[in-house]
Amino acid sequence: MSPRWNPNPDVRTGRHVVHHLHVHLVFVTKYRRKAMTDAMLTRCEEVMREVCSDFEAELKQFNGEDDHVHLLVHYPPKVQLSKLVNSLKGVSARMLRKEYDAHVRRYLWGGHFWSGSYFAGSCGGAPLTVVKQYIENQKRPVG
C-alpha cells in the first residue's frame, strides 16, 4: 500500500471489496405502545450489539424512547439487510419478553413485541446530488 494512504476506520476491506455501508434502522413497538423503560433500552442495546457482531456488523449508535428505537449499523455487503433486521427484532423481542415479562405483558399481548414494519435508510458517503454529478461528469470514450 502507498505510504501516503491514510486508512479510514469506517472503510472496510475484504478480499475483493472495499465498502462503507451504514444503515439507519427504526423499530417501533407493536401498536406504538409505550412499553420500553430505561433498563429495557439498555438491555436491548446489549442484545442488538451481540446480534450485530454475529453478522460481522457493528452497532455504531443506539438510542430510543418508550415506543421505538433507533440504530446506526455499519455492515458488510455480504449481509442481507432483511435478515439482519429479522434477527435484531426477533432476538431482542425474545430476550426482552423473557427478562421483563411482567412489565411487557401490561403493554403488549399476543406474543408480539415489535411492529411488523421498520424503517431502513442508507446513510454515509456523499449526498445523491454529488454522486449523480460525479457519474454525469465521467469522460466517456469517443467513437
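Conventions and cut-offs
Residues numbered from 1 in each chain as written. Predicted model: local features only at pLDDT ≥ 70, side-chain atom pairs only at ≥ 80, totals over all residues. Heavy atoms only, no water. Patch = residues over 30% accessible without salt bridge, like charges linked within 9 Å, V, L, I, M, F, W, Y side chains within 5 Å. Areas by Shrake-Rupley, 256 points an atom, 1.4 Å probe, with all protein chains shown as cover. Salt bridge = Lys/Arg side-chain N within 4 Å of Asp/Glu carboxyl O. Helix = DSSP H or I, 4+ residues; strand = E, 2+ residues; numbered from the N terminus. Buried < 20%, exposed > 50% of the residue type's maximum accessible area, 1.4 Å probe, protein only. Pairing = 2+ DSSP bridges. UniProt positions renumbered as here; feature names shortened; annotations may be inferred. Axes fitted to C-alpha atoms, helices over the stretch in contact; angles between N-to-C directions. Expected span 1.5 Å × (residues − 1). Arc of directions from axis to C-beta. Contact = heavy atoms within 4.5 Å.

> Help me out: how do you make sense of a nonpolar patch on the surface in this one?
A cluster of nonpolar side chains, contributed by Val 131, Tyr 134 and Ile 135, occupies part of the molecular surface with about 320 Å² of accessible area. You can see Tyr 134 is positioned in helix α4 (residues 128–136).

> What is the right way to look at the pairing of strand β5 (residues 68–74) in this model?
Along any regular strand, the residues point their side chains to alternate faces of the sheet. Counted residue by residue, β5 has 5 buried out of 7 residues, so it is predominantly covered. Two elements, strand β4 (residues 58–64) and β5, share 6 bridges in a ladder whose sense is antiparallel. From the neighbouring strand, Asn 63 faces β5, where its bridge partner is His 70. The loop that links β4 with its antiparallel partner β5 comprises 3 residues.

> What is the right way to look at the UniProt feature "domain: Transposase IS200-like" (unreviewed entry) in the protein in this model?
Those residues carrying the UniProt feature "domain: Transposase IS200-like" (unreviewed entry) are residues 18–138 in this numbering. In residues 18–138, helix accounts for 43% and strand for 28%; the two terminal C-alpha atoms are 21 Å from one another.

> What is the right way to read the sheet that holds strand β3 (residues 22–29) from this model?
Backbone hydrogen bonds are what pair the strands of a sheet, in a parallel or an antiparallel way. One open sheet accounts for 4 strands, arranged β4-β5-β3-β6; its pairing is antiparallel. Every interior strand has two partners, whereas the edge strands, β4 and β6 (114–123), have only one. Here the strands of the sheet are splayed against their neighbours by 20° on average, with no regard to which way each runs. Pairing between β3 and β5: 7 bridges, direction antiparallel.

> Any chance you could explain helix α2 (residues 81–99) here in plain terms?
Because the α-helix completes a turn every 3.6 residues, residues three or four places apart line up on one side. Here α2 spans 27 Å end to end across 19 residues, near enough to the 27 Å set by a 1.5 Å rise per residue. Those residues of α2 that sit buried are Leu 84, Val 85, Leu 88, Lys 89, Ser 92, Ala 93, Leu 96 and Arg 97. Viewed along the axis of α2, the buried residues span an arc of 165°, placing them on a single side of the element. Every exposed residue of α2 that faces more than 90 degrees away from the buried side is listed here: Asn 86, Arg 94 and Lys 98. In this structure, the buried residues of α2 make contact with β3, α1 (38–54), β5, α3 (101–107) and β6.

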